[in-house]
Amino acid sequence: MLRVFDDSSEINMKKLLTLKICLLLLSCCFLGCSVFKPKSKKRTFTGSVNDGTDATRDGTVVLDPLEGSLESPLEVRQKDEFDSGSTDGFFDKKTPYAPTRRRLYRLTKNQLIHSVSQIFGSNLGSDFLGKDTSVGGYRNNAAALGFADKNEVEAVYRMIEEAFPIGDDQTEALATLVGCSTAELVCTPAKCSCMESYFQKTMNRFLRRTVGAGEVKQFTAVYSNATGQLNLSQVAGFKYAITTLLTSPEFLFRYEVGVPAENGEFMLTDKEMLSRAAYVALDGPPKIEDLDDAENIVTERPRFQEYVSTILASEDGGKVLKRFLYQWFQLEDIQTLEKNPDIFPDFTAELSKSMSNEVSAYLDQALLQGKLTLGHILGSKRTAVDETLAEFYGLQDSGEVAMSAQRKGLLTTAGFLAINGGSDTTVPTRRGSFILSNLLCRSVAGVPSGLDLPPPSTDQPQTTRQRFEDIAKTGATCAGCHTVLDPIGFGLEAFAADGSFRVKENGINISTASVLKGMRLGDLTFNNSVELVDKISESPEIHACAVRQAFRYTHGRQERPEDEVILARAYRQYKASDWDIRTLMMSFLTDY
């Protein structure tokens, strides 16, 4: 199990949580906010660090939810065959333990929607609550998860209202939902056994722990008092009670705080481990039968791996993997993309939607493969286009088709190219920056403040490449970034800012031959986009970067030097699977 050390005084969880969501105090009156502490089991494991990290948002330092309160090293490994062997020169640092924190995670908006939909059997759209703030490229980063203002809290209430499927006079529908007869819906404080049973199961699952009988009776009393003393209908009373549950801090926040072990250590419980895996892989809680069997599932490592592999292969698991890829490859905003209509008059809302649909279908095809690999994501020559995009590409047929000779894989789809292009013209720096930072995990400096690109020359026609080559010569301030990033982006210059293929720009032949320097196996030279994609796909760096990206998504934070051991372990398992991304995700979610 994950273990932590507490080198500060015991935190008052009720005060902390109610401070975080002060507008939800009503729920605490009924449920309370203390951390449940089941009896711990002694286990000895060794490992690295899994802690929060500071992040910057809008120029302000955003601290971990438990910053300064529960500092602790977190042990996350259990030895097995992936603890030794080569990592191809990656992740081999020997870094000692360092303090980390016991943590709270506010459920992401997708997790909130999915959980509420499961309770009510409804189907809220994934964008009902909007999007969480992106930190480090991902919207599940713990540094961004909190209730910023009362509008976000009110949105949770609106979500419950929208999802609730039963009208005030539909008593039989309520009975079906909770599994009781209509007669059993009539409760008194002394007799409400069927509703108690429903609330017991629901609270166990969505609070992710075994709820005590006293808590269940206390919660059921909310329903019985609403229908009795307040004279509400049974449907209205149920809605009142279930809203209390869904606005409880124990529902809205997922704990990784553990239970006391020895020597000041705290050990994460089996339910905490299982919940972490389910919320990352499914965007929702584990099934109640899995929570009941959490000790056996988590303690037996092969069984835990099988459990996570199964949920990753499910329909909901596929949706989460797709969301991970969308955020990794920065594809979320293709459908709302706009271009300068004076330069690209044919770039319509219909076309951007078609581009978005192609990317979605392309990733669906990758997810249907036996293994989800970067080789397929970056290297497939098959895609699916509608008539609008077929015409844009100059293809005779729509539906599932072969890409043109100039295109190969996700990086040459019009949607990816357009979202990484400017409104008027291509920006080789932007395309190169994506490849270097997102696919190779090499640091990229930000654009200096107050620095604008000089406008294109009106005296003599130039290609975008010629213009950017001139910019790189204007001084050290510009050369530092442009000499590194632009040569990579030049490989995609055969595609205009709207993603269309071109041979000439301003009447001048376009050159796409270039080089990507500083790679492990030497500089990568290429003549065109297909060669660029092939050489990136074959580089060892891309798989090491995939490990880092998967870590950031599964752990909800940036990696730190102390994480090298867990990164190395995941890399070995990923490599042994022939680079299957599902295996990589499974490795992180079952690593303790």
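A short tour of the structure in this document, coming up.

### Topic: the overall build of the chain
And then number 1: Helix and strand counts for the chain stand at 25 helices and 13 strands.
And then number 2: Counting every position in the chain, which comprises 592 residues, the buried fraction comes to 56%.
And then number 3: Here the analysis covers contacts within the chain between residues at least 6 apart in sequence; of these, 72% occur between residues at least 24 apart.

### A closer look at the state of the cysteines
And then number 1: Applying the stated rule across the entire model yields three disulfides.
And then number 2: Put simply, Cys180 and Cys194 are joined by a disulfide, and their sulfur atoms are 1.9 Å apart. Since a negative S-S torsion denotes a left-handed disulfide, the Cys180-Cys194 link at about -105° is left-handed. One end of the pair, Cys180, is in the loop between helix H5 (171-178) and helix H6 (193-206); the other, Cys194, is in helix H6, with 14 residues separating them in the sequence. Each of the two residues, Cys180 as well as Cys194, counts as buried.
And then number 3: Shown here is the disulfide that connects Cys441 with Cys545, its sulfur atoms set 2.1 Å apart.

### Notes on the nonpolar core
And then number 1: Ranked by size, the top nonpolar core spans 94 residues in total, and within it Trp328, Phe329, Ile377 and Ile435 carry the most contacts.
And then number 2: The residues touching Trp328, leaving out its near neighbours within four places in the chain, are Tyr138, Leu374, Phe434, Asn438, Leu439, Ala546, Gln549 and Ile581.
And then number 3: The next biggest cluster of nonpolar side chains, apart from the first, holds 47 residues, and it includes Leu112, Met195, Phe206 and Phe253.

### Quick word on helix H23 (residues 540-555)
And then number 1: In this model, H23 (16 residues) spans 23 Å end to end at C-alpha, consistent with the 22 Å of a helix rising 1.5 Å per residue.
And then number 2: The buried count for H23 comes to 16 of 16 residues, which makes it a mostly enclosed element.

Rules used in this analysis
Residues numbered from 1 in each chain as written. Predicted model: local features only at pLDDT ≥ 70, side-chain atom pairs only at ≥ 80, totals over all residues. Heavy atoms only, no water. Helix = DSSP H or I, 4+ residues; strand = E, 2+ residues; numbered from the N terminus. Buried < 20%, exposed > 50% of the residue type's maximum accessible area, 1.4 Å probe, protein only. Contact = heavy atoms within 4.5 Å. Disulfide = S-S within 2.5 Å. Core = buried A, V, L, I, M, F, W, Y, C linked by side-chain atoms within 4.5 Å. Expected span 1.5 Å × (residues − 1).

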